Amino acid sequence: MTSKAKRVLPTRPEPPTVEQVLADVGGTRPSDPVLLLPSEPPRTPGGDHDGPVPGQEAVEEEERERLYRQSRGYVEMNRRLREARGQLAEKCEELRRAGAALERDMAETRQKAF
C-alpha cells in the first residue's frame, strides 16, 4: 500500500527588483535578439524619401475599416448576449416558481389522497 504524503510546493520567488532588471539588461550583448530593432519597412524603388508606398494608404484604410467593422460586430454580439442572458435569467426564475408551485400542488394532492 502506498502512502499519500502531502507534497509541499516551493514558494514562488519574489520578482526581480528594478536594479536587478537594469543590471541584467545592461549586461546583455548588443546582438541579443530581444534587444534588436525590427527591420526597416521596405522603401519605394528609386527613392530614399520616407513617404508612404503607393497604394499602401488604401490598404491600411481597408484594414482599419475591416477592424472597425469587426469590432462593431463584437460589440453588437456582446449586446445581444447580454440581452439573452437577461432573458434566460427571467425564464430560469419562472421555471423555479413553476417548479415550486408544482411541488406545492403535488403535496396538496397527496394530503387530500390520504
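All values reported here derive from a predicted model rather than from experimental measurement.

This next bit is on the overall build of the protein. A count of helices and strands for the protein gives 2 helices and 0 strands. Here the protein, with 114 residues, has 3% of them falling under the buried criterion. Total accessible area on the protein stands at roughly 11,700 Å², and carbon and sulfur atoms take up 58% of it.

Further remarks concern the pattern of salt bridges. With the rule as written, the count across this model stands at 8 salt bridges. Connected through shared salt-bridge partners, E76, R79, R80 and E83 make up one network.

Right, let's get into a nonpolar patch on the surface. On the surface, V21, V25, V34 and L35 cluster together into a nonpolar patch covering about 360 Å² of accessible area. The class for V34 is exposed, based on a relative accessible area of 73%.

Conventions we followed
Residues numbered from 1 in each chain as written. Predicted model: local features only at pLDDT ≥ 70, side-chain atom pairs only at ≥ 80, totals over all residues. Heavy atoms only, no water. Helix = DSSP H or I, 4+ residues; strand = E, 2+ residues; numbered from the N terminus. Buried < 20%, exposed > 50% of the residue type's maximum accessible area, 1.4 Å probe, protein only. Areas by Shrake-Rupley, 256 points an atom, 1.4 Å probe, with all protein chains shown as cover. Salt bridge = Lys/Arg side-chain N within 4 Å of Asp/Glu carboxyl O. Patch = residues over 30% accessible without salt bridge, like charges linked within 9 Å, V, L, I, M, F, W, Y side chains within 5 Å.

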